[in-house]
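As a plain string of letters, each chain reads:
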Amino acid sequence: MTLAGLLQQIVIGLDKGTTYALLGVGFALIIGVSGRFHIAYAVSFTLAAFVASWATTLWNLPFWPSLVLGALAAALFGVLIEKFVYYPLSRIALRNGTNALLMIFVASLGISISGRNLIQLVATARAAASIGGFDNEPVNVGPYITLTTLQIASFVTSWVLIGILSVVLARTTLGRMIRAVRANWEMSLCVGVSPQIIYLVVFAIGSAFGGVAAVFIATGTSAKPDMGLVPMFYALVVAFVAGLGTPPLTVGLIGLALGMVESLSALFLPTQWTSVVVFAILLVYVAMRPVQLGDRIKKMLASAPKPGLAKG
Amino acid sequence: MQELAFSFADQILIYAIFAMSLNLLLGYTGQVSVAHAAFGAVGGYTVAYLFLHGHTSLVGDVAAGVGVAVLIGLVIAVPALRLTTEWLILLTLAVQTIIIMLTTTVNALGGSYGLQNITGLTVGKTVLSDPSQFIWPIGISAVVTYFICWRMGESPFGRVLRGIREDEIATRSLGKNVFLYKLTVFGVTSGMAGLAGAMLVLNAQIASPQDFGFEKSSAMVAMVIIGGAGNLFGSVLGVILLGALEPLLNRVLHLSPDQSAIWSLIAYGIVLIVILMVRPVGILPDSVTRRLRKLQRVQDRERRAATGSGSQAASVPVAPVVKSGAVATNGASKNGHANGNGSIDVKPAVEPGDLGDVELPRALGIVEHAAADSPIVLETSGITKRFGGITAAENLAITLRKGTITALVGPNGAGKTTVFNLITGAIKPDSGSVKLLGREVVGLTPDEVTRLGMVRSYQTVRIFPRLSALENVMLGIQHQPGERLTAIFFRPITTQRFEKEARARAIEWLSFVGMEKYKDVPAGALAFGQQKLVALARVLATEAEVLLLDEPASGIDVAWVDAMLGLIEQVRERGRTVCIVEHNLHVVERLADYTYFMELGRITAQGNFAELTADPRLAEAYFGTV
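Residues numbered from 1 in each chain as written. Chains lettered and ligands numbered in written order. Predicted model: local features only at pLDDT ≥ 70, side-chain atom pairs only at ≥ 80, totals over all residues.

**Q** Explain the pairing of strand β5 (residues 376-387) of chain B to me, please; I cannot follow it from the model alone.
**A** Along any regular strand, the residues point their side chains to alternate faces of the sheet. Residue and element names in this part refer to chain B. For β5 and strand β7 (residues 399-401), the ladder comprises three bridges, and the chain directions are antiparallel. Bridged to leucine 378 within β7 is leucine 400. Note that β5 and strand β9 (residues 431-436) share five bridges and pair antiparallel. Bridging across to β9, glutamate 379 finds its partner in lysine 435. As paired strands, β5 and strand β6 (residues 390-396) are joined by four bridges and run antiparallel to one another. (Pairing = 2+ DSSP bridges. Helix = DSSP H or I, 4+ residues; strand = E, 2+ residues; numbered from the N terminus.)

**Q** Help me out: how do you make sense of the environment of B:Asp615 in this one?
**A** All names here are of chain B. Here aspartate 615 lies in the loop between α21 (609-614) and α22 (616-623). Classification of aspartate 615 as partly exposed rests on a count of 14 C-beta atoms within 10 Å. Separated by 10 residues in sequence, aspartate 615 and alanine 605 place their C-alpha atoms 9.5 Å apart. (Buried ≥ 20, exposed ≤ 12 C-beta atoms within 10 Å, placed from the backbone.)

**Q** Please explain unusual backbone geometry as it appears in this structure.
**A** Apart from glycine, the bulk of residues carry a negative phi angle, and the bulk of peptide bonds sit in the trans form. Residues and elements named next belong to chain B. The phi torsion at glutamine 205 lies on the positive side, around 65°, for a residue other than glycine. Among the structural elements, glutamine 205 can be located in the loop between α8 (178-204) and α9 (214-227). Residue class for glutamine 205 comes out partly exposed when judged on the 18 C-beta atoms lying within 10 Å of it. For leucine 600, which is not glycine, the phi torsion reads 45° and is therefore positive. Following the sequence through the fold, leucine 600 ends up in the loop between β14 (594-599) and β15 (602-607). Look at leucine 600 and you get partly exposed, because 16 C-beta atoms sit within 10 Å.

**Q** Where do I start with the domain arrangement of chain B in this structure?
**A** Interface extent is often summarised as the accessible area lost during association of the parts. Residue and element names in this part refer to chain B. Per the domain assignment, the segments of chain B are domain 1 (2-211), domain 2 (366-453 + 544-626) and domain 3 (463-542). The distance between the C-alpha centroids of domain 1 and domain 3 comes to 32 Å. At the junction of the two partners, domain 1 supplies 15 residues and domain 3 supplies 18 residues. The element that contributes the greatest number of residues to the side of domain 1 that touches domain 3 is helix α6 (residues 156-166), accounting for seven residues. Considering only residue class, the side of domain 1 that touches domain 3 consists of six nonpolar, four polar and five charged. (Domains from an automatic or database assignment. Contact = placed C-beta atoms within 7 Å. Nonpolar A, V, L, I, M, F, W, Y, C, P; charged D, E, K, R; others polar.)

This is the structure we're talking about:
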């Protein structure tokens, strides 16, 4: 392996990792705060890519407004799902004593299947899948490294967004409200924070983040109706490996590390094996996850064991 | 046309095997797996590979496929055993993805095209070629699967599984080896998935990764949930419903072939959500849900009758009200903030003071009320436990004597409940020894300690909400042959005979605590005080020598406290050894023969109650300055 090859793999790793970071941060926000096993994240992801592609090719909008439009579409989709499917289902589950986590998982599955096929139906009618308006040029850095403007744009945008979210969560009233709901939604009700509204907010932000990642991916290749499933898996991996209560920046760095590992493992393994590596890491991580002593003791001593998603 | 019907039936039966076995894992045992299709792939690919390289016989190949699936299932089960639902979903998702990725990347498994030309199978001299012939091996597999799932689910064995679903820790505390049960179920259900996968491959004549993807796995979860978790027929119905949707839609809507697939998938998702909203408990709910519904109807009728009679209704005694949401399985209530609307009123079980002449179950032999020098049953010495910098227990020496009640008192955070955790093996002490009837029990698991004769109750009750009161108590009964896998299949008569006896004994214990009227009520629908009584009956049903009761009288009506204490006194009179953790000093005064006073993980005083309360320093430590 030459030095140039190594450096190029690092660039690819940074690019992939940035995408995983953005996806993971968005997904961790949603699942960490609301506890919804939202696998329909894949649909909002795909939707964003298609909306952006329609915006640039059919409505002749420039790239950046189309990106925003795509992200907004994803956010709207997430909010609608929470409002009209997950929230009502969680109430129904509570009333009937059934497992809300599972019911929402199955509903989310239903949405994924319907959503993907609906997009396919519309997409085949419009026959537009590429995203235009972006001037993608190679940029040479030093003698060995070649970047593209798309990679740079994706990198900068993603990390700025993750940075902004970190600041919002850490410093603002909204951030404190989100963290309060994440820690204990029942208690947050007592101090006047409505978990219902906060859930909608995290679905909007989390879905928009996924949407931005989707638009960048689709700009490099093209939008496809089934493009969402694999990124959703990666989002899931990053979110859980990082831990659901973790600050966005840390989640992002885990995503970045995962992208690097995947890309650098291509130096040793045939390329088709690299994604196996990511899931093998997940498998080993979950399997080896030390029994959290703290959790167990808390469970045993707690006066009222609180069922639901464990935090991190 | 006929061929089409047969091939449809083949598909339905194959998926029925998948769904029924997943239901045993998910609906009965509460372990969510999204890797069920991947285990199908393991079975299917093994059969296909053997068929192409070194085919022996149909039965031999299928058996090998099932065997490999069982093996991988067991390997996966080991890390899966201690995971909560969301982590289990994640683990199985990783397994699912890796197995399918392997099938597409390993050249010997045919890549994304899969292994093709699995044709010309023979059984005896018949060559299996069309769907009407395949229905035989597939049908037989489905029937066998149903029988095994039914036997494992609807038997004493299945009762333990449902206990694990409701509360693993409580199940373990009743002497059940939870680890072994979960391992067994993982192994068996993986094998069944392997069988279904083998049938799928034989029927399709190709082993293809598309047939075993994540979407198939999650579709199986959907079938189980939609059909009704914990109801095997529900799973079959779920399969038929979701499987028939596409052909049905094509027929009704007259779509062009290229559009029909898309439209039917769109409809599939929507139907899924609609059913979840309309029938959240599944199309065929399990027996507990049906019982709850019935209870609710009866109650609504009574309430209507009561309000109809106007002012008279006001004189009806107020009964404890329970939210039906309380029947939620673990992990259910995180995602909502609704108040349980449909509530179930149950009248108090025990009228205070009417326990005087209750006939005690024969298991409690009558013994003279023991004195302070009666034999030692449990003796601990030097028990120490540190969590990081916090000393939860330091050098504890506690002695329990036969036929006496010993109390642990002390302020909050003194480590009283931790003592229970340490001596029952829930937490391993850093050092020290616990001798139960002369045997060292440090290092044993909680279920082993229970089987040796020491059982505990929980302050938070830890009742099994979606099991009836009777089933709750029956889980406490030890040495049930029907809780062993071999017995339910090979000794059905013994199993049934003992089941009758266990039932009778459990009813005795329920009537001992005055709860036999509510034996068929799901325990989650009972009032808290009633749950405590059921929990007491459950602990007593273990017939353990030593009972550790964690705040038996807390959180219940004053009127019931007296009844509860009367019961504990009766237990002592019958020679059992009791240790209670209690805050209420009136309770301690009435019950305790001997009292330990704990502060910050240490025993700082001991003696009889009068001696302790006479000490002004202890009074201050407990009450603050008076």
